[in-house]
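# Chain and residue survey
One-letter residues, chain by chain:
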Amino acid sequence: SPLGRLAGETLGGGAGCPTMHGLIHVVLRSLVIEAGGEEAWAKVLQLLSLDEDDGLLELHIHDDETTVAGVGAACEVLGVDLDTGLRLFGAHFVHFLGKNNHIATVTAFGASTLEFMNNVDHLHRQLEEVYPNCSFPHFTLASDSSADHRRPEASVTTTVSYSSTRGPLLAPLVEGVLVELGQLVYEEKVEMERLPEAAAGHHCTWKIK
């Protein structure tokens, strides 16, 4: 089950355990209610042994154990596997930003999906100043410019590599965000092919088509 898989993932522990902001739980609740109604969210709370969601939705820092338990419970209630649930969450996060007038923040860091990804670490550094206890991922954009001048359309291969204190667990969430970001914000079709080996120092690498 999604809960079982999450329980088996290593996210770190002790004083250095990664943390997330409560906004993630607000977005998760929005996704679950949109997909399955208030009844579905009530079932998520039941799986988490919570009578109400006030504490879960507070906009402060929560430890990862709380967040991953919520994601696992949501996947179980919605009847999807963990990777699918994370992709759905990523896509829904982009829509949530749009509904709450945050798209201008995204476009301020790039005029295209790839330009945004090239600058997203700058955004994360700014967020770290506001939320110093949160753990943000790191992205590296690379292009192989071994140009074949006879075929300029095929001369550049672009990859996005991802590293996180959480390991590769949330890689499908990244896929959901980027594909939806391209479509909704930049009106671009983004296709991601996860490579069998990640770039050095990273947990996942995708070829962007």
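Residues numbered from 1 in each chain as written. Predicted model: local features only at pLDDT ≥ 70, side-chain atom pairs only at ≥ 80, totals over all residues. Heavy atoms only, no water.

Next up on the list: the side chain of H202. You can see H202 is positioned in the loop between strand 5 (192–194) and strand 6 (204–208). The class of H202 is buried, set by a relative accessible area of 18%. Of note is the side chain of H202, whose polar atom sits 3.0 Å from the backbone oxygen of A200. Among all residues touching H202, those that are not within four sequence positions of it are H138, T140, S161, Y162 and S163. (Helix = DSSP H or I, 4+ residues; strand = E, 2+ residues; numbered from the N terminus. Buried < 20%, exposed > 50% of the residue type's maximum accessible area, 1.4 Å probe, protein only. Polar contact = N/O pair within 3.5 Å; in protein donor to acceptor, adjacent residues only side chain to side chain. Contact = heavy atoms within 4.5 Å.)

This part takes up the confidence of the model for the protein. The predicted model of the protein has a mean per-residue pLDDT of 85, with 84% of residues at 70 or higher. A low-confidence stretch, residues 3–18 stays under pLDDT 50, and its non-local contacts, those more than four residues away or across chains, total 26 contacts. (pLDDT = per-residue confidence, 0-100.)

On to helix 6 (residues 113–130). Helix length check: helix 6, at 18 residues, gives a terminal C-alpha distance of 25 Å against a target of 26 Å (1.5 Å per residue), a fit within 8%. Remark: the principal bend of helix 6, roughly 45°, maps to N119. Where helix 6 is buried, its residues contact helix 5 (103–107), strand 3 (138–144), strand 4 (157–163) and helix 7 (171–184). (Expected span 1.5 Å × (residues − 1). Bend = angle between axes of the 7 residues up to and from the residue.)

With that out of the way, let us pick up unusual backbone geometry. One non-glycine residue, N101, lies in the positive phi region at around 60°. Mapped onto the elements of the fold, N101 is located in the loop between helix 4 (82–99) and helix 5. With phi around 55°, E187 is a residue other than glycine that occupies positive phi space. Mapped onto the elements of the fold, E187 is located in the loop between helix 7 and strand 5.

Let us now look at helix 4. End to end, helix 4 covers 25 Å across 18 residues, agreeing with the expected 26 Å (1.5 Å per residue, within 8%). Listed as buried for helix 4 are L82, G85, L86, F89, G90, A91, H92, V94, F96 and L97. The residue sitting at the N-terminus of helix 4 and contributing the capping side-chain oxygen is D81; that oxygen lies 3.1 Å from the backbone nitrogen of D83.

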